[in-house]
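# A structural walkthrough
One letter stands for each residue in the lines below.
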Amino acid sequence: MQMVIMVSIEIWIYAIEATIFTNIRLFLAYMISLVFSLTVGIAAALNERLGKIIIPILDILQSVPILGFFPVAIYLLVAAFPGRIGVELASIFLIFTSQAWNITFGVYQSALTIPSEFKDLAKAYGIKGLKYVTRIVIPSTFHSLIYNSMMAWAGGWFFVTACEMISMGEFNIVLPGLGSFILMSAYKGDFYKLAIGLVMMLTSIILVNLLIWNPLLEKAEEYREVARSITSPTITVVSTSFLIDFLSAIYSKIDDRLHQLISKIPRETWNRILSKAMLILKMIMVGVIIAVVFLGVFCISKAFPTIIEFFFSMNFTLYLYNALTGTALTLFRIIVAYIISVGWILAVCILVENRSKLFAYSIIIGEVLASIPATIWYPAFIILIEKYGVDPNIASILIILTGMQWYIFFNVMGGVKGIPLHFRQVARLYNIRGRLYLYVSKIILPGILPFLVTGSISGWGGAWNTTILAEYITTGKDVIYIHGIGGLISRAANLGDVGGLFFYIMWMSIFIVLFNKLIWSRLYKVISEKYLAEL
């Protein structure tokens, strides 16, 4: 009996250590994502020429599934930094790729649509340069930043098992962490350890929500109400978090002190410093580009015979046939998952839009459920498929649902919270609230439609990424392959088929970019022109 207790304690201690390791990786990846998103997103929004270069690149990177970054993580980071450091950097890099793009697009959209009243005030008071970025742009992006950060954090948890168990052909890395602990427990069918892992994960997610995201959401609403107060009566919102207020006070003091120091420098001196800094920055960028080009040419020249042999050995006809049929089947599954997602999310919106406590609880529940990795459900799905004859396509659609719905959920919930006051006043004035169909079609839908489209773009991106898990269900020994583009990518990675992996990822990325440009971008433009101006 004593031995059993000792073993149980050891498991709990290891689970706690694993949770700490995973949270450190998530935090470091998030901080890198945050700096990247604010820098790149704001730069792309404020500089139109730069935006035309950055946004298409981000669009392509967002469409690359996490397995597409495995070769970079393995052959670049692990090779460049041998030992534990390289492996940890690879894991953090992979988590970064599951977090950064969503936050960056959110910052970009918010910075691009700063209210004209803010811009007029900035011009009137001579606020420009760094002061304009810190006092106008960043506060304007804060609301979107927090909602997208919550989704990014959940996305990091969702893919953490892939980031702590990096596998490609014969190359396998297992890092100590909660993701690998949960996945290994699921593979071995050790439901006791799996339950412990889930308890630790849920506890961690809930604590982060209570201590960080909820107070930040309050602060985000404060920024939104300040924005509204420019054209409407002021509504005071008081933050209930000492931590957030303390950090805000530190930021304000640093910001004020920085501007005081800058203001003491004569304008001519400051202009000279800026011009020299820009010149140095351009020289560094040119130097980096030249170095990358020379390095690329050198590597290609060395590996040219191997590359030629590799391409000639690829069975393009088979790959093309698989890609065409696989993409069609995957697209069908995503459409079904999307219809289900939009249906239940709209129902929840109608239920909670005027109930603040219910709204807050739904956000917490959503954040917890969005963080559960899809691979946790693998053992259950394999039992359902093999023992009870459940169609594998149903299991695949359910897993795709877990990777799609929460992007839509958080964006739409943000839209519900931001339905303009005059919309609600009209509803009360004409007693529309009592007539459900009119209230939904005339008040809720116009208020949330731009957010629904934005969430749908991210949700479809998440769905495409999730197909690598949804169409190749494995618990180590058992493997269920469901034909689709995601399944083809996962199978190629597990078999070490580099040619197939490269071809399918390129095909998938090109298809997603074209799909976004032809459908989602046009739809977003139409919806924005029709509804966004009214908000």
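For the structure itself, look to the data block above.
What you are looking at is a predicted structure, and each value in this text was computed from that prediction instead of being measured. Every chain is numbered on its own, with residues counted from 1 as its sequence reads. Reporting of local features is limited, given that this is a predicted model, to residues whose pLDDT is at least 70; pairs of side-chain atoms are given and counted only at 80 or more, and all residues count toward the totals for whole chains, interfaces and linings. Here the side-chain values reflect all heavy atoms present in the structure, with hydrogen atoms and water set aside.

Let us now look at the packing of helix 12 (residues 316-352) against helix 15 (residues 392-417). In contact at an axis separation of 8 Å, helix 12 and helix 15 are set at 40 degrees when each is read in the N-to-C sense. With respect to each other, helix 12 and helix 15 are oriented oblique. The element helix 12 and its partner helix 15 pack so that their crossing is right-handed. Residues belonging to the contact of helix 12 with helix 15 are distributed by class as follows: 20 nonpolar, four polar and one charged. Interaxial angles span 0 to 180 degrees and are taken between N-to-C directions of axes, which are lines fitted to C-alpha atoms, for helices over the stretch in contact. Helix and strand assignments follow DSSP, with helices taken as H or I runs no shorter than four residues and strands as E runs no shorter than two, numbered in order from the N terminus. By the definition adopted for this analysis, an angle is roughly parallel if under 35 degrees, roughly antiparallel if over 145, roughly perpendicular if from 65 to 115, and oblique otherwise. In a left-handed crossing the near helix is turned counterclockwise from the far helix by less than a right angle, and in a right-handed crossing that turn is clockwise. When residue character is reported, Ala, Val, Leu, Ile, Met, Phe, Trp, Tyr, Cys and Pro are called nonpolar, Asp, Glu, Lys and Arg charged, and the others, Gly included, polar.

Attention now goes to helix 15. The span expected for a helix works out to 1.5 Å for each residue beyond the first. Here helix 15 is 26 residues long and its end C-alpha atoms lie 38 Å apart, about the 38 Å a rise of 1.5 Å per residue gives. What we call the bend at a residue is the angle made by axes fitted to the seven residues finishing there and the seven residues starting there. A bend of about 35 degrees at T402 is the largest found in helix 15. Each residue gets one of three labels from its accessible area relative to the maximum for its type: buried under 20%, exposed over 50%, partly exposed in between, using a 1.4 Å probe on protein chains only. With 21 of 26 residues buried, helix 15 lies mostly within the body of the structure.

The subject of this paragraph is the side chain of T467. Tracing the sequence through the fold places T467 in helix 17 (residues 436-470). Under the relative-accessibility criterion, T467 is labelled buried at 0%. The contacts of T467, once residues within four sequence positions are left out, are T330, I334, I400, G486, G487 and M508. Only heavy atoms enter the contact rule, under which two residues are in contact if any of them lie within 4.5 Å.

Moving on to the environment of L331. On the secondary structure map, L331 appears in helix 12. Between the C-alpha atom of L331 and that of W460, which follows or precedes it by 129 residues, the distance is 9.9 Å. Once residues lying within four places of it in the same chain are set aside, the contact partners of L331 are W460, W464, F511 and F515.

This brings us to the pattern of salt bridges. Each reported salt bridge corresponds to a side-chain nitrogen of Lys or Arg within 4 Å of a carboxyl oxygen of Asp or Glu. A complete count under the given rule lists three salt bridges for this structure. Put simply, E164 and R25 hold a salt bridge, and the shortest N to O gap is 2.8 Å. Taken together, the residues span a long stretch of sequence, with E164 in helix 7 (residues 160-164) and R25 in helix 1 (residues 2-46) at a distance of 139 residues. The same class applies to E164 as to R25, namely buried. Linked through salt bridges whose partners overlap, the residues forming this network are R25, E88 and E164.

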